[in-house]
Amino acid sequence: MSDKPVSVVPLLARALHRIRSTPPRIIASPPTQPRRAAVAIVIRVVPPPDANLPSTSTAPPALSEFFQLDWVNNPNARAEVLFLQRDNPISDDGSVAKANPRAKEAHVAFPGGRTDPDDEGGAYTALRQTWEEIGIDLAERDYMCIGQLDDREITTSLGKRLLMILSPFVFLQVSPQAPPPDPVPSTALHWIPLASLVSANPAPRWSTVTVDAASRLAPKHSTALRLLVRILIGSMEFPAIVLENKSTAHVLKLWGLSLGMTLDLMSYMVLPTPSSKSEVDPEINIDSGRSSPLSPVMYLPYQSEVPGMRMEVVAPSLASVFPRFSYPDVNFWIWVFGKRYREVIRGWEASVRSGGANDRRINWSGSALSTFYAAIRKALVVVIVARALGLLFGFAFAGWWLFAA
């Protein structure tokens, strides 16, 4: 296959049309936790310098008309998605974490934030937060709201406590140029080529983000318990994608909820025409090659209609954002108790391969999350009991040896 970059615009067109025509799964806030939040996934197509651009007085096109424009279909047009780098990023549990100025890596997110009582809905929250933080007015004629992805539950304590419901909204810039953004001083903008996330040449570069397990499992103000958890369980390693970046010395990593929502967007690009061989090159077996860190076999096949493209993901969304632990025995027991989780992932993968048209009532991400956390809880019980018994027998043997001596 050729190493020449190929356009992802046809895949993007498919994804956005599917998002617009597919009702999202809406999660109602329980009375005990009414907090909600919303983010904006902003996408644009950058025309090449020599493109013949339409007049600024032209009426905004409809979605189907946009992808028929000459400058959009130019082979050198580049689709990009907007990420933010915050000095004080908001963590997955909703708290604000102070960034380490000496850190060599930085984490990215989408613009957005919590819903205010006066907000008229999730879309309004995404519009307001984007305007307040980065100065982009998504209500202007330069942008179009495509639709909403599935709601997500933000939890803590291994899924036992709900913090809020998150609603992702997808926006498309329908003009070749838009007013420049005006981000707050603590926020930097990064337009990342969509091809760098889905192209097989080169494939996305996977890495990890290490998180102290005690920060997820133990109370913040219990120093002794957090130290004990750190000793017994170690740390958690979350899969991350290293993003292309030339504007900062930091290594930009996409992980956690932002990675989940990105992969959810990418899943709408998958063509429901799987085959065991690439139709572009029958000699290439699509079941060989790199995959995401979680599985060597569960990636999706090359898309025969778009040469050189592969959805380099496991099942989309949360299936590729679950962590591994630094202690091998913890991972082993998670695998032992994870039969139900693996069944959900296989069902999810089959749904994506077939287009997912007949199972919109199934909350795949929620099921995967709950079954994975259930496996973790069982594994941690076994590991902690085993460690306690090991310490008990160790002290007993040491005492016997001292007295016998």
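Draft legend 1. Seen up close, the overall build of the protein chain. Helix and strand counts for the protein chain stand at 11 helices and 12 strands. A total accessible area of about 20300 Å² is found for the protein chain, and carbon and sulfur atoms account for 58% of it.

Draft legend 2. Molecular detail of a nonpolar patch on the surface. A cluster of nonpolar side chains, namely Val381, Val385, Leu389, Leu392 and Phe393, defines an oily patch on the protein surface of about 500 Å² accessible area. For Leu392, the position within the fold is in helix 11 (residues 364-404). Taking relative accessible area as the criterion, Leu392 reaches 54% and is therefore assigned exposed.

Draft legend 3. Spatial organisation of the packing of helix 9 (residues 328-336) against helix 11. Between helix 9 and helix 11, the least distance of the axes is 8 Å, while the angle of their chain directions is 130 degrees. With respect to helix 11, the element helix 9 is oriented oblique. By crossing handedness, the relation of helix 9 to helix 11 is classed as right-handed. Touching Asp329, Val330, Trp333 and Ile334 of helix 9 are Phe372, Ala375, Ile376, Ala379, Leu380, Val382, Val383 and Arg387, all from helix 11. Class assignment of the residues belonging to the contact of helix 9 with helix 11 gives a composition of 10 nonpolar, no polar and two charged.

Draft legend 4. Geometry of the nonpolar core. Judged by nonpolar contacts, the single largest core of 54 residues is most densely connected at Leu16, Ile41, Ile43, Phe67, Leu172 and Leu243. Of the residues forming this core, the biggest block, seven residues, is contributed by helix 1 (residues 9-21). In this structure, Phe322, Phe325, Val330 and Val383 belong to the second largest nonpolar core, which totals 31 residues.

Draft legend 5. Examining the packing of aromatic side chains more closely. Here the structure, examined in full by the defined rule, presents 12 aromatic pairs. Seen from their ring centres, Phe322 and Phe372 are 4.3 Å apart, and the 0 degrees between their planes marks the pair as stacked. Here Phe372 lies in helix 11 and Phe322 lies in the loop between helix 8 (256-267) and strand 12 (324-325), a separation of 50 residues in the sequence. Overall, the relative accessible area of 4% leaves Phe322 in the buried class. Measuring from ring centre to ring centre gives 5.0 Å for Tyr341 and Phe372, while their planes differ by 55 degrees; the resulting arrangement is tilted. Here Tyr341 is found in helix 10 (residues 339-353), whereas its partner Phe372 is found in helix 11, with 31 residues between them in sequence. Each member of the pair, Tyr341 together with Phe372, is buried. Following the ring pairs from residue to residue traces out a cluster consisting of Phe322, Tyr341, Phe372 and Tyr373. Residue placement shows Arg44 over the ring face of Trp191; its charged tip is 3.9 Å from the ring centre.

Draft legend 6. Representation of the pattern of salt bridges within the structure. The tally for this structure, following the rule as stated, stands at 13 salt bridges. Across the pair Glu80 and Arg44 runs a salt bridge, and its minimum N-O distance is 2.8 Å. Of this pair, Glu80 sits in strand 2 (residues 78-86) while Arg44 sits in strand 1 (residues 36-46), and the two are 36 residues apart along the sequence. Using a relative accessible area of 4% as the deciding quantity, one classes Glu80 as buried. Classification of Arg44 as partly exposed rests on a relative accessible area of 22%. Residues participating in the shared-partner salt-bridge network are Asp116, Asp119, Arg128 and Glu132.

Draft legend 7. Broad picture of the environment of Ala249. Relative to the helices and strands, Ala249 resides in the loop between strand 10 (235-242) and strand 11 (251-255). It is 7.5 Å that separates the C-alpha atoms of Ala249 and Lys104, two residues lying 145 residues apart in sequence.

Draft legend 8. Expanded view of the pairing of strand 5 (residues 143-148). By the criterion of burial, strand 5 is predominantly enclosed, with five of the six residues buried. Bridging between strand 5 and strand 7 (residues 161-173) involves five bridges; their strand directions are antiparallel. Across the sheet, Gln148 pairs through a bridge with Phe169, a residue of strand 7.

Draft legend 9. Quick peek at the confidence of the model for the protein chain. Confidence in the prediction of the protein chain, expressed as mean pLDDT, is 79, and 79% of residues score 70 or more. For the stretch residues 92-96, pLDDT sits under 50, and the model shows 15 contacts to residues farther than four places along the chain or on other chains. Counted against residues more than four places away or in other chains, residues 273-318, with its pLDDT under 50, gives 127 contacts.

Draft legend 10. Up close: the environment of Ala106. Mapped onto the elements of the fold, Ala106 is located in strand 3 (residues 105-109). Taking relative accessible area as the criterion, Ala106 reaches 8% and is therefore assigned buried. In the structure, Ala106 is positioned 148 residues away from Leu254 in sequence and 8.9 Å away in space, judged by C-alpha atoms. Residues within four places of Ala106 in sequence aside, it is in contact with Gln85, His250, Val251, Leu252 and Lys253.

Draft legend 11. Spatial organisation of a positive patch on the surface. Together, Arg35, Arg114, Arg161 and Lys220 make up a region of like positive charge exposed at the surface. Mapped onto the secondary structure, Arg114 falls in strand 4 (residues 112-114).

Conventions used here
- Residues numbered from 1 in each chain as written.
- Predicted model: local features only at pLDDT ≥ 70, side-chain atom pairs only at ≥ 80, totals over all residues.
- Heavy atoms only, no water.
- Helix = DSSP H or I, 4+ residues; strand = E, 2+ residues; numbered from the N terminus.
- Areas by Shrake-Rupley, 256 points an atom, 1.4 Å probe, with all protein chains shown as cover.
- Patch = residues over 30% accessible without salt bridge, like charges linked within 9 Å, V, L, I, M, F, W, Y side chains within 5 Å.
- Salt bridge = Lys/Arg side-chain N within 4 Å of Asp/Glu carboxyl O.
- Buried < 20%, exposed > 50% of the residue type's maximum accessible area, 1.4 Å probe, protein only.
- Axes fitted to C-alpha atoms, helices over the stretch in contact; angles between N-to-C directions.
- Parallel < 35°, antiparallel > 145°, perpendicular 65-115°, else oblique.
- Left-handed = near helix turned anticlockwise from the far one by under 90°.
- Contact = heavy atoms within 4.5 Å.
- Nonpolar A, V, L, I, M, F, W, Y, C, P; charged D, E, K, R; others polar.
- Core = buried A, V, L, I, M, F, W, Y, C linked by side-chain atoms within 4.5 Å.
- Phe/Tyr/Trp six-rings, centres within 6.5 Å; stacked < 30°, edge-to-face > 60°.
- Lys NZ or Arg CZ within 6 Å of the ring centre and 35° of its normal.
- Pairing = 2+ DSSP bridges.
- pLDDT = per-residue confidence, 0-100.
- Lys, Arg positive; Asp, Glu negative; His and termini not counted.
- Charge placed at Lys NZ, Arg CZ, Asp CG, Glu CD.

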